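Chain by chain, the residues:
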Amino acid sequence: FFDRNPELISGAMAAPAMKTLLPEVPKLSPECKKNMTKFQLRQYYQKRFEQAKYARCVTQYEKVWEEAVFREQAQAEEAKVAKTNSGTDTTVTGDEVSSESSSDDESEIYEFSVHYNTKFGEELYVIGSCPELGEWDLGKKVHMGWHEGNYWKVKVAIPKECKAVEYKFVLGYNGNDRWEGGFNH
C-alpha cells in the first residue's frame, strides 16, 4: 500500500540500525488513515507495534550490555585491589586449587579456579563438603568471579582441621543450577 502511494508518507520512524533488520514503517497523516480500510489500518498498526517492540528490545539489550561490561570492569578492579592488598601472586593453569597460609594459623586460603566459557547470564559457583563451601547445600554455594581469559576464581579460607575436602563446580543460570558431572574433586 505504501509502496504504491508514496505521497501518503509524512515521515520516517526507524533508526538507521533498525532499517537493515526491520523494514521501516512510515508515520501516516490523519487524512491518510481516514482513507484506509480497517484491514489496512490493522496491518499498519501491527507493523508499527512490531517496530516499537523491536526498538524497546534493542534499548534493553544495550542497557544490559553496558551493565555487564560495568560489572566485569568492577570485578577486575576488585581483583586487582585484592591482589595488591594480599601481596600474593598465583599462576593458574587449568582446573586447580592452590593454597596459601593466612594470617592466622588456624586456616589456609584456597583459591578455586576453573577455565570455562560461559554464555551471557551464566555464573559459576563452587560447593563442597565443608561448611565454608556450603556442605553441599545449593543455598550456601560460593560465587566465583570471572577473570580475563574466561577463568572463574574464588578464594576461600578453610580451617586446617578439615583434612579431606571434596568439591564440585556448579553452573547457575536464571535460578537453575547444573552440577559438574563425574566424581567429586
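For the structure itself, look to the data block above.
As the structure is a prediction and not an experimental result, all values here were calculated from the model.

A.B. asks: Honestly, the pattern of salt bridges in this entry has me stumped. Any pointers?
C.D. replies: Pairing is possible between side chains of opposite charge, provided their charged atoms come close. Considering all chains together, one arrives at three salt bridges under this definition. Between Glu-67 and Arg-71 there is a salt bridge; the shortest N-O distance is 2.9 Å. With Glu-67 and Arg-71 both in helix α3 (residues 38–86) and four residues apart, this pair spans about one turn of that helix. Given the relative accessible area of 35%, Glu-67 is considered partly exposed. You can call Arg-71 exposed: its relative accessible area is 52%. Lys-141 is the partner of Asp-177 in a salt bridge, and the nearest nitrogen-oxygen pair spans 2.8 Å. Of this pair, Asp-177 sits in strand β10 (residues 176–179) while Lys-141 is found in the loop between β5 (123–128) and β6 (142–143), placing the two residues 36 residues apart along the sequence. Judged by relative accessible area, Lys-141 falls into the partly exposed class, the value being 22%.

A.B. asks: Would you mind showing me how to read the sheet that holds β5 here?
C.D. replies: Note: strands within a sheet are paired through backbone hydrogen bonds, in either parallel or antiparallel orientation. Pairing is antiparallel across the open sheet formed by four strands, whose spatial order is β6-β5-β9-β10. Among the strands making up the open sheet, the edge pair consists of β6 and β10. The pairing of β5 with β6 spans two bridges and is classified as antiparallel. Across the sheet, residue Tyr-125 finds its bridge partner in β6, namely His-143.

Conventions and cut-offs
- Residues numbered from 1 in each chain as written.
- Predicted model: local features only at pLDDT ≥ 70, side-chain atom pairs only at ≥ 80, totals over all residues.
- Heavy atoms only, no water.
- Salt bridge = Lys/Arg side-chain N within 4 Å of Asp/Glu carboxyl O.
- Helix = DSSP H or I, 4+ residues; strand = E, 2+ residues; numbered from the N terminus.
- Buried < 20%, exposed > 50% of the residue type's maximum accessible area, 1.4 Å probe, protein only.
- Pairing = 2+ DSSP bridges.

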